[in-house]
Amino acid sequence: MGDSRAAIAGIGESQVGKVPGRSALQLQSDAAVAALADAGLALSDVDAVFTTPVRVEHWNMPAGVVAGFFGIQPSYLSTVDLAGASGCSMIDQAVAAVESGRCEVALCVAGQNLLSNRSRSQAVQSMAERGSGHPQFEVPYGPLVPSLYALIAQRHMHEYGTKPEQLAAVASTIRRHASLNPNAHKRDPISIDDVLASRMVTSPLHVLDCAIVSDGAAAAVVTRAERARSLRRTPVYLRGSGYGLRHGYVGDAKTLTSSGAVDSGRTAFRKAGMTPADVDVAEIYDCFTITVIVELEDLGFCPKGEGGRFVEDGNIGLEGSLPITTHGGLLSGGHPGLGGGFFHVLEAVRQLRGEAGERQVRDAEVALVHGNGGVVSVHCTLLLSNSPS
Amino acid sequence: MSNAVKPAPAGDPATREYWEAASRGEFRIPLCTACGRHHLYPRTICPHCGSSALAWSDSPGTGEVYSYTVVHRAPSPAFEADVPYVVAVIQLDEGPHLMTNLLDITPEAVRIGQRVRVAFRAAGEDGALIPVFKPDEGPGAP
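All values reported here derive from a predicted model rather than from experimental measurement.

**Q** Help me understand the overall build of chain A in this model?
**A** Helix and strand content of chain A: 13 helices and eleven strands. The C-alpha atoms of chain A give a radius of gyration of 19 Å, which matches the 21 Å a tight globule of 389 residues would have. On the principal axes, the C-alpha backbone points of chain A span a range of 55 × 45 × 40 Å. In chain A, which comprises 389 residues, the share counted as buried stands at 64%. Partitioning the contacts of chain A with sequence separation of at least 6, the portion at a separation of at least 24 is 76%.

**Q** Even after reading the chapter, I still don't get the interface of chain B and chain A, so can you show me in this structure?
**A** Buried accessible area, meaning the area lost when the parts come together, often serves as the stated size of an interface. Chain B puts 31 residues into the contact, and the matching count from chain A is 28 residues. Its residues assigned to classes, the side of chain B that touches chain A shows 20 nonpolar, nine polar and two charged.

**Q** Got a minute to help me understand the sheet that holds strand β3 (residues 76-79) of chain A in this structure?
**A** In any sheet, the strands associate via hydrogen bonds between backbone groups, in a parallel or an antiparallel arrangement. All names here are of chain A. Ordered by their spatial adjacency, five strands build an open sheet running β1-β7-β4-β2-β3, and the pairing between neighbours is mixed. This sheet does not close on itself; its edge strands, each paired only once, are β1 (6-13) and β3. Pairwise comparison of adjacent strand axes, ignoring direction, gives a mean angle of 15° for this sheet. Both strand β4 (residues 105-113) and strand β7 (residues 215-224) contribute to a ladder of nine bridges, which runs antiparallel. For Leu107, the partnering residue across the bridge sits in β7 and is Val221. Relative to the sheet, helix α2 (residues 62-70) contacts β2 (48-51), β3 and β4, its axis offset from that of β2 by approximately 125°. Against the sheet, helix α3 (residues 86-99) contacts β1, β2, β3, β4 and β7, and its axis sits at roughly 160° relative to β4.

**Q** Looking at this model, I keep getting lost on the pairing of strand β7 (residues 128-135) of chain B. Mind explaining?
**A** Each regular strand shows side chains that alternate between the opposite faces of the sheet. The buried count for β7 of chain B comes to six of eight residues, which makes it a mostly enclosed element. Linking strand β6 (residues 115-123) of chain B back to β7 of chain B in an antiparallel pair, the connection comprises four residues, with Gly124 of chain B at a positive phi of about 75°.

**Q** Looking at this model, I keep getting lost on the packing of α3 of chain A against helix α13 (residues 342-353) of chain A. Mind explaining?
**A** For any two helices packed against each other, one specifies the inter-axial angle together with the distance between the axes. Residue and element names in this part refer to chain A. The contact between α3 and α13 brings their axes to 6 Å, and the two run at 60°. The angle between α3 and α13 places the two elements in the oblique class. Along the contact surface, α3 presents Gly87, Cys88, Met90 and Ile91, while α13 presents Phe342, His344 and Val345. Taken together, the residues of the contact of α3 with α13 sort by class into five nonpolar, two polar and no charged.

**Q** Quick question: what am I supposed to make of helix α1 (residues 24-39) of chain A here?
**A** What sets the pattern is the α-helix's 3.6 residues per turn: residues three or four places apart point alike. Residue and element names in this part refer to chain A. In this model, α1 (16 residues) spans 23 Å end to end at C-alpha, consistent with the 22 Å of a helix rising 1.5 Å per residue. Where burial is concerned, most of α1 is hidden: twelve out of the 16 residues are buried. For α1, the set of buried residues is Ala24, Leu25, Leu27, Gln28, Ser29, Asp30, Ala31, Ala32, Ala35, Leu36, Asp38 and Ala39. Close packing links the buried residues of α1 with β1, α2, β4 and β7.

**Q** What is the right way to look at the packing of helix α6 (residues 164-179) of chain A against helix α10 (residues 289-298) of chain A in this model?
**A** Residues and elements named next belong to chain A. Between α6 and α10, the shortest axis-to-axis distance is 8 Å and the interhelical angle comes to 100°. Between α6 and α10, the angle falls in the class roughly perpendicular. Seen from α6, the contacting residues are Leu167, Ala168, Val170 and Ala171; seen from α10, they are Thr289, Ile290, Val292 and Ile293. Here the contact of α6 with α10 is built from residues that sort into seven nonpolar, one polar and no charged.

**Q** Any chance you could explain the nonpolar core here in plain terms?
**A** Among soluble globular proteins, nonpolar side chains are generally buried collectively. Ile91 and Val222 of chain A are the most contacted members of the largest nonpolar core, which totals 167 residues. Residues contacting Ile91 of chain A, with those up to four places away along its chain left out, are Ile8, Cys108, Ala220, Val222, Leu238, Val345 and Leu382 of chain A.

**Q** Looking at this model, I keep getting lost on the sheet that holds strand β9 (residues 281-284) of chain A. Mind explaining?
**A** All names here are of chain A. As summarised here, the arrangement of the four strands in space is β8-β11-β10-β9, forming an open sheet in which the pairing is mixed. The open sheet has two edge strands with one neighbour each: β8 (237-245) and β9. On average, each strand axis in the sheet is tilted by 15° relative to the strand beside it, whichever way the strands run. Here β9 runs beside strand β10 (residues 366-373); their pairing, made up of four bridges, is parallel. Residue pairing across strands places Ala282 opposite Leu368, the latter belonging to β10. The strands touched by helix α9 (residues 261-272) are β8, β10 and β11 (378-385); relative to β8, the strand with the most contacts, the crossing angle is about 155°.

The rules we used
Residues numbered from 1 in each chain as written. Chains lettered and ligands numbered in written order. Predicted model: local features only at pLDDT ≥ 70, side-chain atom pairs only at ≥ 80, totals over all residues. Helix = DSSP H or I, 4+ residues; strand = E, 2+ residues; numbered from the N terminus. Rg over C-alpha atoms; globule rule 2.2 N^0.38 Å. Buried ≥ 20, exposed ≤ 12 C-beta atoms within 10 Å, placed from the backbone. Contact = placed C-beta atoms within 7 Å. Nonpolar A, V, L, I, M, F, W, Y, C, P; charged D, E, K, R; others polar. Pairing = 2+ DSSP bridges. Axes fitted to C-alpha atoms, helices over the stretch in contact; angles between N-to-C directions. Parallel < 35°, antiparallel > 145°, perpendicular 65-115°, else oblique. Expected span 1.5 Å × (residues − 1). Core = buried A, V, L, I, M, F, W, Y, C linked by C-beta atoms within 7 Å.

Listed below in structure tokens is the structure:
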């Protein structure tokens, strides 16, 4: 066929949740070994490495540290740091690297022992001091990381009448999906009332409106489509991708109720020749419940301001018109830092291969994956399919 | 308890005038003399038009609450005594947004759109002041 395109040929993840006694590199190794076995490839086939920074250790050059750990002598390597958009972007950049001939088999891997490495309170303080807030113009006022999203939620409620119950429905639905994922961190079902009754962290966000902190790692192997078709698994193709950014910091944003996801989504759909109606399953980044509502609107799945009602009407569940975040996401599935959004990519691949078990979306052919980083700042949208065109 | 002092911003060459003015009890924000628009946080290039013809402009420090959140868990020991406290984004009358604390108001009384005015509170150990906001008028004031 002379196909110059690339495809995802294998995926793998470590145990996710509380996984004491394993370092970041051990968890990444677990995921990488699983992804290569899934593809039917060996470490010796890998000639490119993509990874993200970790928070639990200082890695001078993360892609170099990871490649060195595995004994890979790569022809291409890159550290991707777009915060929560890193997982989507790693796939986008690996596909581009394979298609441009820079490498043949790219290993994308991310994750760490974020939960076991330190106590939760230390993680909160560290994130508040070094996290998404502007060090001069935001951190001195004492926002938690969730406060930065609470500002978005409060404004969204003011402009569009979005309700706490609708935010809670996001958490409840995604927890149900996690309950069907054997490797998810939090699997006990929660109701809307449970979310509303949970501790208020930073109004209007309760603790169950917020992502969890986990240990875990995820990996994927990208290679030439032709080669992928000769391997063990159904290849998954990147049909379109896009990026967007409308503000660097939340305090600087002209509006808090729409985001660069408008731009990343529009670009991805245009490149793929698709519309939101073509999407069978959407693995939406869910660091906080409000993030999901803003993204559903910005990506065009419902009109601006209607995200709360869209969720409340049951559209995002497995039986709904647009099942989202079917593995349990960051709210329940697992969130080991920058690698968190990479699990969304893996779940899209599983859905498109028909391997998602009890949470399988029937006949899924097109999956959207969306990652965002900063505070709904930098966005990367992928459209993946089990069909090359 | 030096670790419980609220952090003072470490200014840099692009922002030092903002913080030094605040410590004098003045609220000054960058104004682009090319396009006539203000911006925050302070840059050395106008984020609206790309010009570097910037000047510092005295601001009355008035505006309204664009959004807010009541923080119920301190991010660090320095904020524990303040819980619950209000973190807000203010839209200044000149246009720019900025993040701040709202003081002199009970958290339940804060409303989006409420008029506010700049004030200053201590930060760090060297007598620095940073801009905060208080109700400017209306029923939110205690």
